[in-house]
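# Architecture and fold: a report
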Amino acid sequence: MTERNMFPEAIVSSPADVMVSVWDEASVSESVGLAHELRGAGLRVDLYPEADKIGKQFKYASARGIAFVAVPGEEERSRGEVALKDLRSGEQRSVKREDLARAIREALDL
């Protein structure tokens, strides 16, 4: 469909609001669950397809024009938080998981 330009322009030019990273193989289901929660909150979400180096995941998101990466790392998970990296400013902070969607919407002025 992409090759035949069958997608509306708004969809093609509009990247996801946030990408959820996959920390390691053991955390795949955690990342999938987080992506599902964020989609349920009305955000456009991309999920990195596999466990990989976090730097590579940040580069992937940046190349796609995605402003935020949610990183459900081990330490953050133990505290009920998610690391949120703003690729526009380089700032990274920890956010309570239940507040993550709101924090992203506020930063994007949605």
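One can find the structure itself at the top, above this paragraph.
Here's a quick rundown of the structure. (Residues numbered from 1 in each chain as written. Predicted model: local features only at pLDDT ≥ 70, side-chain atom pairs only at ≥ 80, totals over all residues. Heavy atoms only, no water.)

### Section: the pattern of salt bridges
What counts here: Whenever Lys or Arg places a side-chain nitrogen within 4 Å of a carboxyl oxygen from Asp or Glu, that contact is recorded as a salt bridge. A run of DSSP states H or I qualifies as a helix once it reaches four residues; a run of E qualifies as a strand once it reaches two. Both are numbered from the N-terminal end. Three labels apply to residues, based on accessible area from a 1.4 Å probe with only protein chains included: buried if under 20% of the type maximum, exposed if over 50%, partly exposed otherwise in between.
Within the structure shown, the criterion is met by nine salt bridges. Between D17 and R44 there is a salt bridge; the shortest N-O distance is 2.7 Å. Here D17 is found in the loop between α1 (9-13) and β1 (18-20), whereas its partner R44 is found in the loop between α2 (28-40) and β2 (45-47), with 27 residues between them in sequence. The exposure class assigned to D17 is buried, which follows from its relative accessible area of 6%.

### Here we look at the pairing of strand β3 (residues 68-71)
Cut-off, in case you're wondering: Should DSSP find at least two bridges between two strands, the strands are taken to pair.
Residues F68 and A70 of β3 are buried on one face, and the alternating residues V69 and V71, pointing to the opposite face, are buried as well. Judged from the three bridges that link them, β1 and β3 form a sheet pairing that is parallel. Residue M19 lies in a different strand from β3, and its bridge partner there is V69. When β3 meets strand β4 (residues 81-86), the two strands line up antiparallel, connected through four bridges. Paired with V69 across the strands is K85, a residue of β4.

### Considerations on α2
What counts here: A helix is expected to reach a length of 1.5 Å times the quantity of its residues less one. To be clear, the arc concerns the directions from the helix axis to the C-beta atoms.
If you check α2, its first and last C-alpha atoms are 18 Å apart, about what 13 residues at 1.5 Å a residue would give, namely 18 Å. Those residues of α2 lying buried are S31, L34, A35 and L38. In a view along the axis of α2, the buried residues occupy a sector of 100°, so they form one face of it. Those residues of α2 that are exposed and angled more than 90 degrees off the buried face are S29, H36 and G40.

### Remarks on the packing of aromatic side chains
Note the cut-off: Aromatic pairs are defined between Phe, Tyr and Trp rings, using the six-membered ring for Trp, whenever the two ring centres lie within 6.5 Å; interplanar angles under 30 degrees are classed as stacked, those over 60 as edge-to-face, and all others as tilted.
Taken as a whole, this structure holds one aromatic pair when the rule is applied. On the basis of an interplanar angle of 85° and a centroid distance of 5.2 Å, the ring pair of Y48 and Y60 is categorised as edge-to-face. Remark: Y60 occurs in helix α3 (residues 54-63) and Y48 occurs in the loop between β2 and α3; sequence separation between them is 12 residues. Take Y48: its relative accessible area is 6%, and that puts it in the buried class. Residue Y60 is classed as partly exposed on the basis of its relative accessible area of 29%.

### Examining helix α5 (residues 100-108)
Our working rule: We call two residues in contact when some of their heavy atoms are within 4.5 Å.
All of the buried residues along α5 are L100, A101, A103 and I104. Projected down its long axis, α5 carries its buried residues within an arc of 165°, all on one side. Buried-residue contacts for α5 involve β1, α2, β3, β4 and β5 (92-96). Once α5 finishes, D109 follows within two positions and takes phi at roughly 55°, a positive value.

By themselves, these figures tell us nothing about what the structure is for.
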